Amino acid sequence: MQKFGKSQPVTRREDQRLLTGRGTYIEDSFPAGALRAFVLRSPVAHGVITHLDVAEARRAPGVAGVLTQGDLEGGMDAFMDSLVVDQLDGTPGARPARPMLAKDRVRFVGEAVAVVFADSLSQARDAAERIVLDIEDLAVKLDLAPGGVALHEGVTDNTAFDWGIGDRDATDAAFAAADHVVSLEVPDSRVIINTMEPRGCHATWDGARLHFAYSGQAVWWMKGPLAAKLGLAEDDVHVTIPDVGGAFGMKAMPYPEYFIVAHAARQFGRPVAWAAERSESMMSDHAGRDLTCHAELAFDADLKITGYRVHSRCNLGAYNSFNGQNIQTNLFSRVLTGVYNIPAAWLQVQGIYTNTTQVDAYRGAGRPEAIYVIERAIDTAARQLGVDPLDLRRRNFIARDQFPYQTVMDENYDVGDFHHVLDRLVTVADLEGFAARKAQDAEQGRLRGAGLCYYIESILGNPEETAEIEFLKGGAVNIYVGTQSNGQGHETVFAQFLADQTGLPVEDIHVIQGDSDLIPEGGGTGGSRSVTTQGTATLATVDQMVSAFTHFLAETWDIPKEDIRFEDEAFRSVSTNHVLRLSEVAELAREAGREDLMRHRAKAKLPGRSFPNGAHLAEIVIDPETGQTQLDRYTVVDDFGNLINPLLAEGQVHGGVAQGVGQLLMEAVHYDASGQLLTASFMDYAIPRANDLPMVAFHSEPLPSTQNPMGMKGCGEAGTVGAMAAVANAVQDALWPCGSRQVDMPLTPLKLWEMLHEEDRA
């Protein structure tokens, strides 16, 4: 393959390596002879540590040492509180102390108490059995209401913050004057984030410098915190990330284990490695979602929305996590009003501490939650007001001629054509044929429902990114990127984009990522930022490179630089017949001793956010005898702007839809009254399998973004943002004729069966 066609659906080049077992994940990269770490975790959700004795464990065979909080300095506070929000009264949200390892008190099942380091994992695990840990139980806080036993000193009613945004007075006035008001309670259940590869890390101290490797989303997100915690200069910390088997936001932030492993490597003078087991991860990794919203819509006589109010309570878990306070406040608010022309809105959020694991980013981080609320509310409003759900949306869409559109949340949508996208969805989803399909299912005693979600995203993350292009001897080219692939296909898309822009053979381009020594700065991966920011940086680097080579050729050919053009993937002289491809110019410069032209680096900043949007239509079939739900048809029409690789974009949509469907239909997290997690294995916690999903039909209706030179919009999280409400609304549509007016996730077969047979059970 010599040359990609631009924006072609090219298969992923890294798949051959990853699918044939030649990937290098974190455990594959463990140093030879490394000490293995085993973490002793609290078996109690809330209690006072009355006795902790590790002396016997320290004497166990093969053990190099055991660390407790008493052996460490300070806690996680500096890394967990960076995004604490300001409350309605102007004071900052709560900042309770969080130790690296539990000190005096434990606050959730799975909280790390001590770490054993031994020659082998089995020796470390055996030694942990010798640790004496006595805990005096305290009352457990699990509900999302203020009050209950205090988890932290100085935090009144376990409420971390009471936050709001919008115009409360104008919104209240809209409701007072409304012709119709519709309200809905919208729970968004907790999700245990399961990546293919659980978290892990390893560290090596050579006496002067630390090498730390972990399964994460950005080397720089650990480099600074590690240096600060260990008292090192940043130049003395080298962070790398090998292949990553999934992240979804959960691997974005620092965790206590990382700092402890790095500290132990320096203390014991040996490499140290740690990898979580699956159930350990399910107990201790940050969870996702977990909030309940009360949503209200006000309408005038023409069914135009005049006001929107949301009051939510979100679960933070036992402590602040890195983004915990920010996600259900600032990030949620960015798309609060969705794709609708809403003149007044008010959002109020309370954050509650509970005796559970922390809650942080999960695919979409606030935006799926916000879209789920408004799309559930508007669908319910349509049913209660007796109008077609599609018609009610069309009445309230932001019209194309209203763009750029400033929302009441002060978000500036640059472009959009929601009517066009929805019209295309109606056609490609064969919505006209739905009635016949529903009637056919009814003849067989089954219930069919169709559900729509029209979503919009606000692409987040650092707007700045760097790229560096290096020409090697022999013709190979390296491109150094500041983002980090977690399985999205960056090795393919970044090589393809550079080939498209320069004419360099794609097979000669190698994407280098995840090494803080090779790449001095970068924004990492999160918030669907990677392709837009990295593409913009690559374009800036190409421009700089073309300029540098143009000056070189002008000197070499002894002609004015204005005579030279880079077009049709080659340098051409207007006044002569000179034509050279980029790789040929690089080789000419090398032969001339111009090593300064072998590397080109630039930094670029996006002028603003992009706003991918689209419509999802789900059709489900319910068997009333069992409550089993079959997702029968699923159609997506997305506006992602211009696409570099439509195949990879479609793959992102498929994966996102699977995660949204999983949360909505099956991913049920259960704690018992004592705070024990009852769903800490795949025997008890269901995630979607291949036969749970139909083929997702994907269609692109691009309206290029004005916020980057490529006209692109991020696509990594969009599938999840649209999926939850589409499937929930489909279930609601199927059950509405049966008298069910409220459906809440997770819509498991048992829950649906009980809803359908409530009278029988009475």
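All of these numbers come straight from a predicted model, not from anything done at the bench.

Visitor: Any chance you could explain the sheet that holds strand 19 (residues 464–471) here in plain terms?
Guide: Across the sheet, which stays open at both edges, the four strands sit in the order 21-20-19-25 with mixed pairing between neighbours. The strands lining the two open edges of the sheet, one partner per strand, are strand 21 (509–512) and strand 25 (599–605). Direction aside, the axes of adjacent strands within the sheet are offset by 20° on average. The strands that helix 14 (residues 490–502) touches are strand 19, strand 20 (477–481) and strand 21; relative to strand 21, the one it contacts most, it runs at about 130°.

Visitor: I keep staring at the sheet that holds strand 12 (residues 272–275) and nothing clicks. Help me out?
Guide: The strands that make up a sheet are held in pairs by hydrogen bonds between backbone atoms, and each pair lies either parallel or antiparallel. The strand order across the open sheet formed by seven strands is 3-5-1-12-9-10-11, and the pairing between neighbours is mixed. Only two strands of the sheet have a single partner each, and these edge strands are strand 3 (63–67) and strand 11 (237–240). With direction set aside, neighbouring strand axes in the sheet form an average angle of 20°. When strand 1 (residues 35–41) meets strand 5 (residues 112–118), the two strands line up antiparallel, connected through six bridges. Bridged to valine 39 within strand 5 is valine 115. Along the sheet, helix 4 (residues 121–128) makes contact with strand 1, strand 3 and strand 5, crossing strand 1 at roughly 30°. Relative to the sheet, helix 7 (residues 256–268) contacts strand 1, strand 3, strand 5, strand 9 (200–205), strand 10 (210–214) and strand 12, its axis offset from that of strand 9 by approximately 25°.

Visitor: Just to check I follow, could you spell out the pairing of strand 27 (residues 628–639) for this structure?
Guide: Regular strands show a simple pattern: their side chains alternate between the two faces of the sheet. Relative to strand 27, strand 26 (residues 613–623) is paired through 11 bridges, and the arrangement is antiparallel. Pairing of isoleucine 622 across the sheet is with threonine 629, part of strand 27. If you look at the hairpin formed by strand 26 and strand 27, you'll find four residues sitting between the two strands, and glycine 627 has a positive phi there, around 75°. Of the strand pairs in this sheet, strand 27 and strand 28 (residues 696–700) are connected by five bridges, and their pairing is parallel.

Visitor: Teacher, can you tell me more about the environment of tyrosine 340 here?
Guide: Here tyrosine 340 lies in the loop between helix 9 (324–334) and strand 15 (345–353). Among the residues examined, tyrosine 340 registers a relative accessible area of 0% and is labelled buried. It is 47 Å that separates the C-alpha atoms of tyrosine 340 and alanine 570, two residues lying 230 residues apart in sequence. Not counting the four nearest positions on each side in its chain, tyrosine 340 is found in contact with Ile305, Ile374, Glu375, Ile378, Arg393, Asn396, Phe397, Ile398, Tyr405 and Tyr454. Engagement of the side chain of tyrosine 340 in a polar contact is seen with the side chain of glutamate 375, the distance being 2.6 Å.

Visitor: Would you mind going over the confidence of the model for the protein with me for this structure?
Guide: Summary statistics for the protein give a mean pLDDT of 94 and a share of 98% for residues scoring 70 or more. Across residues 1–5, where pLDDT falls below 50, the model places 16 contacts with residues more than four positions away in sequence or in other chains.

Visitor: Explain helix 7 here, please?
Guide: In an α-helix there are 3.6 residues to a turn, and that puts residues three or four apart on one side. Relative to the 18 Å expected for 13 residues at 1.5 Å per residue, helix 7 spans 18 Å between its end C-alpha atoms, a close match to the ideal helical length. Counting buried positions along helix 7 yields 10 of 13 residues, so the element is predominantly enclosed. Among all positions in helix 7, only Pro256, Glu257, Tyr258, Phe259, Ile260, Val261, Ala262, Ala264, Ala265 and Phe268 are buried. Phi for glycine 269, located one or two positions after helix 7, is positive at around 70°.

Visitor: Which parts of the structure should I look at to understand the packing of helix 6 (residues 220–230) against helix 7?
Guide: To characterise two packed helices, one gives the angle between the axes of the helices and the distance between these axes. Here helix 6 crosses helix 7 at 55°, and the two axes come no closer than 11 Å. Between helix 6 and helix 7, the interaxial angle falls into the category oblique. The handedness of the crossing between helix 6 and helix 7 comes out as right-handed. Between helix 6 and helix 7, the residues in contact are Met222, Pro225, Leu226, Lys229 and Leu230 and Tyr258, Phe259, Ala262, His263 and Arg266, respectively. When the residues that make up the contact of helix 6 with helix 7 are grouped by side-chain class, the tally is seven nonpolar, one polar and two charged.

Visitor: For this particular structure, what's the right way to read the packing of aromatic side chains?
Guide: The geometry of an aromatic ring pair is captured by two quantities: the separation of the ring centres and the angle between the planes. The final tally for this structure, using the stated rule, is 17 aromatic pairs. Summarising the aromatic geometry, the rings of tyrosine 405 and tyrosine 413 are spaced 6.4 Å apart at their centres and angled 35° between planes, so their arrangement reads as tilted. Here tyrosine 405 matches tyrosine 413 in class, with each residue buried. Ring geometry for phenylalanine 566 against phenylalanine 571: centres 4.7 Å apart, planes inclined by 50°, an arrangement best described as tilted. When its relative accessible area of 0% is taken as the criterion, phenylalanine 571 is described as buried. Counting every residue linked through ring pairs, the aromatic cluster contains Tyr340, Phe397, Phe403, Phe418 and Tyr454.

Visitor: Explain the nonpolar core here, please?
Guide: The nonpolar side chains of a soluble globular protein tend to be buried with one another. Tyr308, Tyr340, Tyr454, Tyr634, Phe640 and Val727 are the most contacted members of the largest nonpolar core, which has 98 residues in total. The biggest single contributor to this core is helix 18 (residues 718–735), with 12 residues. Within the second largest apolar cluster, 55 residues are counted, among which are Ile193, Ile241, Met253 and Phe259.

Visitor: Before we go on, may I ask you to explain the state of the cysteines in this structure?
Guide: Note: disulfide means a covalent bond formed between the sulfur atoms of two cysteine side chains. Tallied over the full model, the rule gives zero disulfides. Between cysteine 453, a free cysteine, and cysteine 293, which holds the nearest cysteine sulfur, the sulfur-to-sulfur gap is 15 Å. Under the relative-accessibility criterion, cysteine 453 is labelled buried at 0%.

Visitor: Could you clarify how one ought to interpret the environment of valine 106 in this entry?
Guide: Structurally, valine 106 can be placed in strand 4 (residues 105–106). Assessed through its relative accessible area of 0%, valine 106 is described here as buried. Sequence separation of valine 106 and isoleucine 49 is 57 residues, and the distance between their C-alpha atoms is 7.1 Å. Ignoring any residue separated from it by four or fewer positions in sequence, one finds valine 106 in contact with Ser42, Val44, Ala45, His46, Gly47, Ile49, Glu111, Val113 and Ile135.

Visitor: Can you walk me through the pattern of salt bridges in this structure?
Guide: Pairing is possible between side chains that carry opposite charge, provided their charged atoms lie close to one another. Inspection of the entire model under this criterion finds 50 salt bridges. When the shortest N-O distance is used, the salt bridge between arginine 17 and glutamate 491 registers 2.6 Å. One end of the pair, arginine 17, is in helix 1 (residues 15–19); the other, glutamate 491, is in helix 14, with 474 residues separating them in the sequence. The partly exposed category is assigned to arginine 17, whose relative accessible area is 21%. Assessed through its relative accessible area of 19%, glutamate 491 is described here as buried. The salt bridge involving lysine 603 is made with glutamate 521; its shortest N-O contact spans 3.0 Å. Of this pair, lysine 603 sits in strand 25 while glutamate 521 sits in the loop between strand 21 and helix 15 (530–557), and the two are 82 residues apart along the sequence. Since its relative accessible area comes to 45%, lysine 603 is described here as partly exposed. Assessed through its relative accessible area of 28%, glutamate 521 is described here as partly exposed.

Visitor: Help me understand the side chain of glutamate 619, please; the structure alone is not making it clear to me.
Guide: Counting through the fold element by element, glutamate 619 comes out in strand 26. By relative accessible area, which is 1% here, glutamate 619 ends up buried. A polar atom in the side chain of glutamate 619 sits 2.6 Å from the side chain of arginine 437. Within the structure, glutamate 619 has its side chain in polar contact with the side chain of arginine 448 (distance 2.6 Å). When neighbours within four sequence positions are excluded, glutamate 619 is seen to be in contact with Ala429, Phe434, Arg437, Arg448, Gly449, Ala450, Gln630, Leu631, Asp632 and Arg633.

Visitor: Looking at this structure, how should I read the packing of helix 10 (residues 367–385) against helix 18?
Guide: For the pair helix 10 and helix 18, interaxial distance at closest approach is 8 Å and the crossing angle is 25°. One element, helix 10, and the other, helix 18, form an angle in the roughly parallel class. Crossing of helix 10 against helix 18: the hand is right-handed. Together, Arg367, Pro368, Glu369, Ile371, Tyr372, Glu375, Arg376, Asp379 and Arg383 of helix 10 and Thr720, Val721, Met724, Ala725, Ala728, Asn729, Gln732 and Asp733 of helix 18 make up the contact between the two elements. Taken together, the residues of the contact of helix 10 with helix 18 break down into seven nonpolar, three polar and seven charged.

Basis of the calculations
Residues numbered from 1 in each chain as written. Predicted model: local features only at pLDDT ≥ 70, side-chain atom pairs only at ≥ 80, totals over all residues. Heavy atoms only, no water. Pairing = 2+ DSSP bridges. Helix = DSSP H or I, 4+ residues; strand = E, 2+ residues; numbered from the N terminus. Axes fitted to C-alpha atoms, helices over the stretch in contact; angles between N-to-C directions. Contact = heavy atoms within 4.5 Å. Buried < 20%, exposed > 50% of the residue type's maximum accessible area, 1.4 Å probe, protein only. Polar contact = N/O pair within 3.5 Å; in protein donor to acceptor, adjacent residues only side chain to side chain. pLDDT = per-residue confidence, 0-100. Expected span 1.5 Å × (residues − 1). Parallel < 35°, antiparallel > 145°, perpendicular 65-115°, else oblique. Left-handed = near helix turned anticlockwise from the far one by under 90°. Nonpolar A, V, L, I, M, F, W, Y, C, P; charged D, E, K, R; others polar. Phe/Tyr/Trp six-rings, centres within 6.5 Å; stacked < 30°, edge-to-face > 60°. Core = buried A, V, L, I, M, F, W, Y, C linked by side-chain atoms within 4.5 Å. Disulfide = S-S within 2.5 Å. Salt bridge = Lys/Arg side-chain N within 4 Å of Asp/Glu carboxyl O.

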